[in-house]
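# Survey of secondary and tertiary structure
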Amino acid sequence: MSPTLAEAIGGRDGCAAPYQRHRPERTLLYQIVEQHYPAFVAHMAEQERPLPDYVQQEFEDYLRCGCLEHGFLRVRCDTCHAEHLLAFSCKRRGFCPSCGARRMAESAALLVDEVFPEQPVRQWVLSFPYPLRFLFASRPAIMGQVLGIVYRVIAGHLIKKAGFTRKTARTGAVTLIQRFGSALNLNLHFHMLFLDGVYVVGANGKVEWFRWVRAPTTAELTELTHTIAERVGHFLQRQGLLERDGEQSFLAGEAMDEGTMDPLLAHSITYRIAVGPQAGRKVFTLQTLPASEEPFDDPVGQVAGFSLHAGVAAKAHQRQKLERLCRYISRPAVSEQRLSLAPNGNVRYQLKTPYRDGTTHVIFEPLDFIARLAALVPKPRVNLTRYNGVFAPNSRDRAAVTPGKRGKGAKPKAFEEGQEKTPMERRAAMTWAQRLKRVFGIDIETCSACGGALRIIACIQD
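Residues numbered from 1 in each chain as written. Predicted model: local features only at pLDDT ≥ 70, side-chain atom pairs only at ≥ 80, totals over all residues. Heavy atoms only, no water.

### Let's talk about the overall build of the protein chain
What counts is decided by this rule: Numbered from the N terminus, helices here are DSSP runs of H or I no shorter than four residues, and strands are runs of E no shorter than two. Only protein chains enter the accessibility calculation, which uses a 1.4 Å probe. A residue is then buried if its area is under 20% of the maximum for its type, exposed if over 50%, and partly exposed in between. Only heavy atoms enter the contact rule, under which two residues are in contact if any of them lie within 4.5 Å. Residue exposure ignores everything except the shown protein chains as possible cover, and the areas themselves are Shrake-Rupley values with a 1.4 Å probe.
For the protein chain, the helix and strand inventory stands at twelve helices and 18 strands. Per-residue burial for the protein chain yields a buried fraction of 48% across its 462 residues. Within the protein chain, contacts between residues separated by at least 24 positions form 68% of all contacts whose residues are at least 6 apart in sequence. Carbon and sulfur atoms provide 49% of the accessible area of the protein chain, an area that totals close to 23,100 Å².

This is the structure in structure tokens:
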């Protein structure tokens, strides 16, 4: 995957690729969107379901992302005066692979460098029943409250298993809310990176030392999943969003009030075709492998459509493994390498991991593929990365346990010369050039021809 926008400038050692501008207009994803997006907008208008402004903006910005005719920077070498052009990016969160790769690298580096201490970390993955996926997609505020319930259940389990109480021990987690599945389906689920243990609180009320906790067993995961399902159900009932009829539960009518995007969301969640003559039918699939009935190797808890998995962990010294894990769970929704066209013009998308029934690909008609992309676009101002426990922004322990030492009551760091950083300098994150060099081995600050320093000399917007 191209890292982003425009640049791939190689180093002088010959190991990296030579200068090459990223050309999104030559990618299959761009060509499909450019060709079929106008027809999709017209179809939705005919159905009296116009796309919301934020979804239309996502597509329009994507079609301008990385294209020089929509603006660029001029970059010149101070030594040999060689010039390169760096196109602007859309910086959207929906389906742009280039900007998704940029965000993936930034998020992973930030978490490893600034947030997670050198302590073991375990990934807890929680999936939800179809109705709750739809509820979270249409009402993100409810999703945030449910996340709080899930965090308290797992945190309580870790503290109790370590032999402490909530007053004498604390833990923390960073949750990356992933919106997509392997088949480009809308699948809202939580990837929670929990400290694999607890911090013990001393007599002064501050954390003093860390206590590791053993990995959960299948029985513990099943019990935790049952507790989560029960508490989430009770919460939704109190909110008037869930009704029970005997042993059956279903979303209340007011929770199902239909918006213009709701049919697209519902079809994407349930693996169904959203537009065209085949609307409502299951998505076409391609099965090229024999079915497999092998059980899960790792323990997993499954109750009433909830699924909880906690089989991946990184030890305290495995910082590179932790960063790879962070990049994996913050990866872009669409992989251009797995996208292709069938001979009849339909869009074929390869699954990252084959299903147990042998399915390796899903097949979409072009308009239905655009509908899938539209369903993946998050609503504006919905934070997809959440911090809990000792990592929460208002936590008193954040400055004490995180490498970045940023948090409530934190004191500014000083330069080696003894000078204090300004507030802007303290908040400055790693530059995108540094991210590219760290993750992809690409140096965009050094001229590939002579090794001189590159400098921005103009910003062309007209």
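The rest of the description comes next.
### A word on the packing of helix H4 (residues 130-138) against helix H5 (residues 140-161)
Which entries qualify depends on this criterion: Axis definition: a line fit to C-alpha positions, over the contact stretch in the case of helices; interaxial angles, taken between N-to-C directions, run 0 to 180 degrees. Residues are grouped as follows: nonpolar covers Ala, Val, Leu, Ile, Met, Phe, Trp, Tyr, Cys and Pro; charged covers Asp, Glu, Lys and Arg; every other residue, Gly included, is treated as polar.
The N-to-C vectors of H4 and H5 enclose an angle of 115°; their axes lie 5 Å apart at closest approach. Residues Leu135, Phe136, Ala137 and Ser138 of H4 lie in contact with H5, whose contacting residues are Pro140, Ile142, Met143 and Val146. Looking at side-chain class alone, the contact of H4 with H5 contains seven nonpolar, one polar and no charged residues.

### Things to note about the environment of Leu454
With respect to the secondary-structure elements, Leu454 resides in strand S18 (residues 454-460). Using a relative accessible area of 14% as the deciding quantity, one classes Leu454 as buried.

### Details of the nonpolar core
Note the threshold: Residues enter a nonpolar core if they are buried and are Ala, Val, Leu, Ile, Met, Phe, Trp, Tyr or Cys, with the set joined through side-chain atoms within 4.5 Å.
Counting 90 residues, the largest nonpolar core has Trp124 and Phe369 as the members making the most contacts within it. A total of twelve residues in this core trace back to one element, the largest contributor, which is H5. Non-local contacts of Phe369, meaning those with residues more than four positions away in its chain, are made with Leu29, Ile32, Leu184, Leu339, Val347 and Phe364. Judged by nonpolar contacts, the second largest core, of 21 residues, contains Val207, Ala314, Val390 and Phe391.

### Points about the sheet that holds strand S1 (residues 72-77)
What counts, and what does not: One requirement defines pairing of two strands: DSSP has to find at least two bridges between them.
Taken in spatial order, the three strands make up an open sheet running S2-S1-S18, and their pairing is antiparallel. The outermost strands of the open sheet, each flanked by one partner alone, are strand S2 (83-87) and S18. Strand-to-strand twist in this sheet, taken as the mean axis angle between neighbours without regard to direction, amounts to 30°. With five bridges joining them, S1 and S2 adopt antiparallel strand pairing. Directly across from Arg76, in S2, lies its bridge partner Glu83.

### A short note on H4
With seven of nine residues buried, H4 lies mostly within the body of the structure. Within H4, the full set of buried residues consists of Leu132, Arg133, Phe134, Leu135, Phe136, Ala137 and Ser138.

### With respect to the sheet that holds strand S6 (residues 186-195)
Strand order in this open sheet of six strands is S12-S13-S3-S6-S5-S17, and the pairing throughout is antiparallel. The sheet terminates laterally at strand S12 (300-303) and strand S17 (385-389), the two strands that pair on one side only. Across the sheet, the mean angle from the axis of one strand to that of its neighbour is 20°, orientation sign disregarded. As paired elements, strand S5 (residues 172-180) and S6 share seven bridges and run antiparallel to each other. Bridge pairing in S6 places Phe180 opposite Leu186. Of the strands in this sheet, strand S3 (121-127), S5, S6 and S17 are in contact with H5, which crosses S6 at around 35°.

### Describing the packing of aromatic side chains
Note the cut-off: Aromatic pairs are defined between Phe, Tyr and Trp rings, using the six-membered ring for Trp, whenever the two ring centres lie within 6.5 Å; interplanar angles under 30 degrees are classed as stacked, those over 60 as edge-to-face, and all others as tilted.
Counted according to the given criterion, the structure contains 14 aromatic pairs. For the ring pair Phe128 and Phe190, a centre distance of 5.0 Å and an interplane angle of 75° mean the geometry is edge-to-face. Of the two residues, Phe128 sits in the loop between S3 and H4 while Phe190 sits in strand S6, which places them 62 residues apart along the sequence. With a relative accessible area of 0%, Phe128 lands in the buried category. Given the relative accessible area of 1%, Phe190 is considered buried. Consider the rings of Tyr199 and Phe210, whose centres lie 5.1 Å apart with planes at 70°: the pair is edge-to-face. In this pair, Tyr199 sits in strand S7 (residues 197-201) while Phe210 sits in strand S8 (residues 207-212), placing the two residues eleven residues apart along the sequence.

### Considerations on the pattern of salt bridges
Note the cut-off: Salt bridge, as applied in this entry: a Lys or Arg side-chain nitrogen positioned within 4 Å of an Asp or Glu carboxyl oxygen.
The final tally for this structure, using the stated rule, is ten salt bridges. Among the ionic pairs, Asp61 bridges to Arg92, the shortest N-O distance being 2.8 Å. One end of the pair, Asp61, is in helix H2 (residues 53-62); the other, Arg92, is in the loop between S2 and helix H3 (97-115), with 31 residues separating them in the sequence. Residue Arg92 is classed as partly exposed on the basis of its relative accessible area of 27%. For Arg122, the salt bridge identified is with Asp196, shortest N-O distance 3.2 Å. With Arg122 in strand S3 and Asp196 in the loop between S6 and S7, the pair connects residues that are 74 residues apart, well separated along the chain. With a relative accessible area of 9%, Arg122 lands in the buried category. Note on Asp196: relative accessible area 4%, which makes it buried. Where salt bridges share partners, they join Asp61, Arg64 and Arg92 into one cluster.

### Comments concerning the side chain of Asn185
Examined against the element boundaries, Asn185 turns out to sit in the loop between S5 and S6. Among residues more than four places away in sequence, those in contact with Asn185 are Arg179, Phe180, Ser268, Tyr271, Arg372 and Leu376.

### A short note on helix H1 (residues 28-46)
Heads up, the condition is: In this analysis, the expected span of each helix is defined as 1.5 Å times one less than the number of residues it contains.
Look at H1: 27 Å from first C-alpha to last across 19 residues, which is about the 27 Å you get at 1.5 Å a residue. Every buried residue of H1 is listed here: Leu29, Tyr30, Ile32, Val33, His36, Tyr37, Phe40 and Met44. In the core, the buried residues of H1 are packed alongside H2, H3, helix H7 (262-269), strand S14 (339-341), strand S15 (347-350) and helix H9 (366-375). Looking one or two places after H1, you find Glu48, whose phi comes out positive at around 60°.

### Quick notes on unusual backbone geometry
A negative phi angle characterises most non-glycine residues, just as the trans form characterises most peptide bonds. Backbone geometry at Tyr271 places phi at a positive 60°, although glycine is not the residue there. Locating Tyr271 in the fold gives a position in the loop between H7 and strand S11 (284-287). The class of Tyr271 is partly exposed, set by a relative accessible area of 23%.

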